[in-house]
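Here's the letter readout for the chains.
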Amino acid sequence: MAENIKNNEQKVEKTNRKENTRRVNQPKEKLLNGQVVNIARVTKVTKGGRHMRFAATYAVGDGKGLVGLGTGKANEVQDAIKKAEQAAGRNLIKVAIVDGRTLSHDVEGKCGRARVLLKKAKPGTGVIAGGTARIILELAGVKDVVSKSLGTNTKVNVAKATINALKSMRTKEHIAELRGKKVEEL
């Protein structure tokens with residue numbers, strides 16, 4: 001008799017857990033803003049002919065220091081964009097923004113032959129950057145920055161170089177932690 005009561009209690013707990021998880025999976029508000037960086041029609045040549053698809057590059061960010069970049073391929077443009085958006089959401093990085101407006105120091109990022117130079121700027125400067133780098137920086141929430149794209153102007157590589165530059169930035173707190181010191185000692 002006691003075993004039956006115990007089994008029934010366990011079954012009730014399991015069903016309650018299932019109900020709780022169902023309630024959690026309700027649609028969430030979009031926390032990240034996004035923008036299409038590039039859409040390209042790509043062709044795969046096979047012995048049966050040419051196979052056309054679309055490759056999309058998508059950037060997401062919350063305007064408060066989180067930014068990500070993703071790519072996706074599909075037979076339809078909308079499906080490619082959706083895949084790229086999901087990939088960008090999985091590839092988020094945290095950017096250290098000083099005073100809520102600019103970068104902590106000048107930095108350079110590379111991807112392929114694309115090089116992007118990012119320089120911190122005074123208040124009121126705004127985002128001075130070319131197309132692709134501007135999209136990434138605005139989504140990251142950087143308000144004052146000067147950028148120069150060097151080398152190739154391929155949109156995808158410039159976007160990746162900008163992300164690499166933002167990844168390689170260090171804050172005073174990070175450097176102090178690496179050296180085992182306090183920020184005041186630097």
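Being a predicted model, the structure only gives us computed values, none of them experimental.

S.K.: Even after reading the chapter, I still don't get the environment of Asn-75, so can you show me in this structure?
M.R.: For Asn-75, the location among the structural elements is in the loop between β3 (66–74) and α2 (77–90). Note: C-alpha distance between Asn-75 and Ala-55 (20 residues apart in sequence) is 8.9 Å. Those residues in contact with Asn-75 that sit more than four places away from it in its chain are His-51, Met-52, Arg-53 and Phe-54.

S.K.: Would you take a moment to explain the sheet that holds strand β4 (residues 92–94) for this structure?
M.R.: Through backbone hydrogen bonds, the strands of a sheet pair up, either in parallel or in antiparallel fashion. The sheet built from four strands is open, its strands ordered β1-β2-β3-β4 with antiparallel pairing. One side of each edge strand has no neighbouring strand; the edge strands of this open sheet are β1 (33–46) and β4. Recorded for the sheet is a direction-independent mean angle of 15° between the axes of neighbouring strands. Pairing of β3 with β4, which is carried by three bridges, proceeds in the antiparallel orientation. Its bridge partner being in β4, Gly-68 is matched across the sheet by Leu-92. Most of the contacts of α2 go to β3, to which it runs at about 145°, and overall it touches β1, β2 (49–61), β3 and β4.

S.K.: Please explain the nonpolar core as it appears in this structure.
M.R.: A general tendency of soluble globular proteins is for nonpolar side chains to be buried together. Counting 29 residues, the largest nonpolar core has Val-67, Leu-118, Ile-136, Leu-137 and Leu-166 as its most contacted members. Elements supplying a minimum of two residues to this core: β3, β5 (107–111), β6 (114–120), α3 (131–140) and α4 (155–167). The residues touching Val-67, leaving out its near neighbours within four places in the chain, are Val-60, Gly-61, Asn-91, Leu-92, Ile-93, Val-95, Ile-136, Leu-139, Ala-140, Ile-163 and Leu-166. The next biggest cluster of nonpolar side chains, apart from the first, holds eight residues, and it includes Ala-74, Ile-81, Ala-84 and Ala-88.

S.K.: What am I meant to see in the pattern of salt bridges here?
M.R.: Should the charged atoms of two oppositely charged side chains come close, the side chains can pair. Considering all chains together, one arrives at three salt bridges under this definition. Residue Asp-144 is joined to Arg-101 by a salt bridge in which the shortest nitrogen-to-oxygen separation is 3.2 Å. Of the two residues, Asp-144 is situated in the loop between α3 and β8 (145–151) and Arg-101 in the loop between β4 and β5; the sequence distance between them amounts to 43 residues. With a closest N to O distance of 3.3 Å, Glu-138 and Arg-134 form a salt bridge. In this pair, Glu-138 and Arg-134 are both assigned in helix α3, four residues apart and thus about one turn of the helix distant.

S.K.: Is there a simple way to think about the side chain of Arg-101 in this case?
M.R.: The exposure class of Arg-101 is buried, given its relative accessible area of 18%. When near neighbours in sequence (up to four residues on either side) are disregarded, Arg-101 contacts Ala-121, Lys-122, Pro-123, Val-142, Lys-143 and Asp-144.

S.K.: I'm lost on α2 in this one. Help?
M.R.: For the α-helix, the turn length of 3.6 residues means that residues three or four positions removed from each other point alike. With 14 residues, α2 should reach 20 Å at 1.5 Å per residue; the first-to-last C-alpha distance of 20 Å fits that figure. Of all the residues in α2, the buried ones are Ala-80, Ile-81, Ala-84, Ala-87 and Ala-88. Along the axis of α2, the buried positions cluster into a sector of 125°, meaning they face one direction only. Exposed and oriented more than 90 degrees from the buried face of α2 are Gln-78, Lys-82 and Arg-90. In the core, the buried residues of α2 are packed alongside β1, β2, β3 and β4.

S.K.: Even after reading the chapter, I still don't get the environment of Leu-166, so can you show me in this structure?
M.R.: Mapped onto the fold, Leu-166 is located in helix α4. A residue is classified by how much of its surface remains accessible, and Leu-166, at 2% relative accessible area, is buried. Each C-alpha atom, one on Leu-166 and one on Ile-93, is 8.5 Å from the other, the two residues being 73 residues apart in sequence. In this structure, Leu-166 is in contact with Val-67, Ile-93, Val-95, Leu-103, Leu-118, Ile-136 and Leu-137, ignoring residues within four places of it in sequence.

S.K.: Explanation requested: the pairing of β1 in the structure shown.
M.R.: It is a general feature of regular strands that their side chains alternate between the two faces of the sheet. Looking at chain direction, β1 and β2 are connected through 13 bridges and run antiparallel. Its bridge partner lying in β2, Asn-38 is registered against Thr-57. Where β1 folds back onto β2 in an antiparallel hairpin, the turn is made up of two residues.

Reading guide: rules and limits
- Residues numbered from 1 in each chain as written.
- Predicted model: local features only at pLDDT ≥ 70, side-chain atom pairs only at ≥ 80, totals over all residues.
- Heavy atoms only, no water.
- Helix = DSSP H or I, 4+ residues; strand = E, 2+ residues; numbered from the N terminus.
- Contact = heavy atoms within 4.5 Å.
- Pairing = 2+ DSSP bridges.
- Axes fitted to C-alpha atoms, helices over the stretch in contact; angles between N-to-C directions.
- Core = buried A, V, L, I, M, F, W, Y, C linked by side-chain atoms within 4.5 Å.
- Buried < 20%, exposed > 50% of the residue type's maximum accessible area, 1.4 Å probe, protein only.
- Salt bridge = Lys/Arg side-chain N within 4 Å of Asp/Glu carboxyl O.
- Expected span 1.5 Å × (residues − 1).
- Arc of directions from axis to C-beta.

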